[in-house]
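Here is how the chains run, residue by residue.
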Amino acid sequence: NSHFQVLGNVTVNNSGSDHFARLHADGVAGKFTIEGNLTLNSTVANKITYIEATYSDCVIDVRGNISMSALSGGDVYIDLKGSSNLYIGDEFLRPTNYGALFMAESATLTYNGTQSQLLAAEDLENNGTDAFHFTNVVLDNSFGFTLEDTLFVENNLELTAGKITTTLTEILIIGDQATITGGSETAYINGPMIKQGSSNANPFTF
């Protein structure tokens, strides 16, 4: 139940140790705030660096970028367990194309920047097995959003503030049984999107 705050940047490196390097957000309702950027690096193949939110209601709030860099798949990732929350104020950077995001069914990722934000793609070219999996996404930025590539939301997309601009190649996909909540004249989707239907032919509602 504590709040740990870093006023600058945080870098977590693994440069070849037999052990992983981990930034661990622990404790019920605990909060970890990084006012700057968070960088996760693995500079030796098959050496793991990751950030983990373990308990329900845990909050990780990164006001800048989250950068993930590795030499092989599976080495750098973020794991949001339970009903934990990750806030990002800028964008995800994957300069080596590696990096993964795991989200539990009840976990939430919130984009809440103070300038236009790029929403991370699920997959990048030459990313091996690494991918971002989005269960619940909240968009709360009046400056708006664009897409890095296809964005697939598995459970719920909450439109709080800001429009999402999509194209035929950078498209928003709402999964089968997933929902969109919120939405207003200042929070909406501007461009094409796909709503997947149920495999058992049940109807769905926009």
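The following paragraphs examine the structure supplied in this document. (Residues numbered from 1 in each chain as written. Predicted model: local features only at pLDDT ≥ 70, side-chain atom pairs only at ≥ 80, totals over all residues. Heavy atoms only, no water.)

## Considerations on the pairing of strand 7 (residues 59-62)
Looking along a regular strand, one sees side chains alternate from face to face of the sheet.
Here is step 1 of the chain: Of the two faces of strand 7, both are covered, the one formed by Val59 and Asp61 as well as the one formed by Ile60 and Val62.
Here is step 2 of the chain: Inspection of the sheet shows strand 4 (residues 31-34) paired to strand 7 by four bridges, in the parallel sense. Across the sheet, residue Thr33 finds its bridge partner in strand 7, namely Asp61.
Here is step 3 of the chain: As defined by bridge partners, strand 7 adjoins strand 10 (residues 85-88) across four bridges and the pair is classed as parallel. Along strand 10, the bridge assignment pairs Val62 with Ile88. (Buried < 20%, exposed > 50% of the residue type's maximum accessible area, 1.4 Å probe, protein only. Helix = DSSP H or I, 4+ residues; strand = E, 2+ residues; numbered from the N terminus. Pairing = 2+ DSSP bridges.)

## Brief notes about the pattern of salt bridges
Here is step 1 of the chain: Considering all chains together, one arrives at four salt bridges under this definition.
Here is step 2 of the chain: Ionic pairing is found between Asp61 and Arg63, a salt bridge with its closest N-O pair at 3.0 Å.
Here is step 3 of the chain: Look at Asp61 and you get buried, because its relative accessible area is 6%.
Here is step 4 of the chain: Overall, the relative accessible area of 38% leaves Arg63 in the partly exposed class.
Here is step 5 of the chain: Of the charged contacts in the structure, one is a salt bridge between Glu148 and Arg94, with a shortest N-O distance of 3.2 Å. (Salt bridge = Lys/Arg side-chain N within 4 Å of Asp/Glu carboxyl O.)

Note that all results are geometric; they support no functional claim without further evidence.
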